[in-house]
Amino acid sequence: MKSNVIKAGALCVVMLLTIVTGCKKDFDPDKPKNGQEVELFLDHYQDVGNQMAYLLPDKIKSPYGLQGFNERELGYTYRVKAKVVITKEPLQDGPDRWFEFERVVSKDLYTGTEPFQVSLISNFVPGGPGLAIGKRDDKYYYLSYEFKPANDAVKARIEEVLALRQRIYTDPAYGHSVSIKATVTHATDNRANTYLVQGIEVK
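Residues numbered from 1 in each chain as written. Predicted model: local features only at pLDDT ≥ 70, side-chain atom pairs only at ≥ 80, totals over all residues. Heavy atoms only, no water.

**Student:** Quick one: what's the story with the overall build of the protein chain, residue by residue and with numbers?
**Tutor:** Helix and strand content of the protein chain: four helices and 14 strands. Sorting the 203 residues of the protein chain into buried and exposed places 37% on the buried side. Long-range pairs, those at least 24 residues apart, make up 62% of the contacts in the protein chain with a sequence separation of at least 6. By element, 52% of the accessible surface of the protein chain is carried by carbon and sulfur atoms, the whole surface being about 12700 Å². (Helix = DSSP H or I, 4+ residues; strand = E, 2+ residues; numbered from the N terminus. Buried < 20%, exposed > 50% of the residue type's maximum accessible area, 1.4 Å probe, protein only. Contact = heavy atoms within 4.5 Å. Areas by Shrake-Rupley, 256 points an atom, 1.4 Å probe, with all protein chains shown as cover.)

Right under this line is the structure:
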């Protein structure tokens, strides 16, 4: 009698685990479900064409872009909730699926000081590669962030890169083959909106 009770209890546990496992809504990038909610980790910086977004809990690189999170600030890491959006009629050259931002779960100040690299070549420009930096009102910009040279030598190097813009636009072979990367840190006086440029490498 006691052994039968034990067996029955064990069977209940197995059935309960099966039900819980079967109901778990894991995100499958090969079989996404429209409207499915996911949680993403956003790193303290983003690169052109790379939002540095990762699927939680395993921190796997996000297979889709995140849209609608316009309040994101440099120098902070985030955990955010988002939902899968799948459209049958994507815009021309646009994605047919993406993550739509819903809400912030947590926001934490990034306190690291080590430099990191960002690419200055954008391959998301209609017609071919382009530069991800520009200049206006005597200031440099990378995406929507200020791109502040650490010294005059770096400023001169940025000007050299800007002079390559025409060649990159008119010579797609060169644009696709050249690598231009900047080594940057977060500016201490305006970390949420500014990259402080330590150096630039052209290969």
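Resuming the write-up.
**Student:** Mind laying out the nonpolar core, listing which residues take part and the relevant values?
**Tutor:** Leu 120, Phe 147, Ile 180 and Tyr 195 are the most contacted members of the largest nonpolar core, which has 32 residues in total. Considering every element that reaches this core, the biggest residue donor is helix H2 (residues 152-162), with four residues. (Core = buried A, V, L, I, M, F, W, Y, C linked by side-chain atoms within 4.5 Å.)

**Student:** Tell me about unusual backbone geometry, and please be specific about residues and values.
**Tutor:** The amide bond that connects Leu 56 to the next residue, Pro 57, takes the cis arrangement and shows omega of 15°. Of note, Pro 57 is situated in the loop between strand E2 (53-55) and strand E3 (60-61). For Lys 59, which is not glycine, the phi torsion reads 55° and is therefore positive. Inspection of the secondary structure assignment puts Lys 59 in the loop between E2 and E3. A positive phi angle is found at Asp 138, which is not glycine, with a value near 65°. By the secondary structure assignment, Asp 138 is in the loop between strand E10 (133-136) and strand E11 (139-142).

**Student:** Requested: an account of the sheet that holds strand E1 (residues 37-42), with residues and values cited.
**Tutor:** Across the sheet, six strands lie side by side as E3-E2-E1-E5-E6-E4; this open sheet has mixed pairing. Looking at the sheet topology across the chains shown, the edges are occupied by E3 and strand E4 (66-67). Of the strand pairs in this sheet, E1 and E2 are connected by three bridges, and their pairing is antiparallel. Paired with Phe 41 across the strands is Tyr 54, a residue of E2. (Pairing = 2+ DSSP bridges.)

**Student:** Give a description of the pairing of strand E6 (residues 97-109) that names residues and reports values.
**Tutor:** Strand direction decides the pairing type here: E4 and E6, joined by two bridges, are parallel. The residue of E6 that forms the bridge with Leu 66 is Phe 99. Sheet topology note: the strand E5 (residues 76-86)/E6 ladder contains eleven bridges and is antiparallel. Residue Ala 82 lies in a different strand from E6, and its bridge partner there is Phe 101.

**Student:** How would you explain the packing of aromatic side chains if you had to name every residue and give the values?
**Tutor:** Taken as a whole and judged by the stated rule, the model has ten aromatic pairs. For the ring pair Phe 69 and Phe 101, a centre distance of 4.4 Å and an interplane angle of 10° mean the geometry is stacked. Taken together, the positions of Phe 69 in the loop between E4 and E5 and Phe 101 in strand E6 put the pair 32 residues apart, joining distant regions of the chain. A relative accessible area of 11% places Phe 69 in the buried class. An angle of 25° between the planes, with centres 5.6 Å apart, marks the rings of Tyr 142 and Phe 147 as stacked. Summarising the burial analysis for this pair, Tyr 142 and Phe 147 share the class buried. (Phe/Tyr/Trp six-rings, centres within 6.5 Å; stacked < 30°, edge-to-face > 60°.)

**Student:** So what about the environment of Ser 179? Which residues, and what values?
**Tutor:** Structurally, Ser 179 is set in the loop between helix H4 (172-177) and strand E13 (180-186). Considering only alpha carbons, one finds Ser 179 and Ile 121, 58 residues apart in sequence, at a separation of 7.1 Å. Once residues within four sequence positions are removed from consideration, Ser 179 is found in contact with Glu 201, Val 202 and Lys 203.

**Student:** Would you mind going over the pattern of salt bridges in detail, with residue names and values included?
**Tutor:** Applying the stated criterion to the full structure yields ten salt bridges. The residue Glu 39 makes a salt bridge to Arg 79 at a minimum N-O spacing of 2.6 Å. Pair noted here: Glu 39 is in strand E1 and Arg 79 is in strand E5, with a separation of 40 residues, a long-range link. The class for Glu 39 is buried, based on a relative accessible area of 16%. (Salt bridge = Lys/Arg side-chain N within 4 Å of Asp/Glu carboxyl O.)

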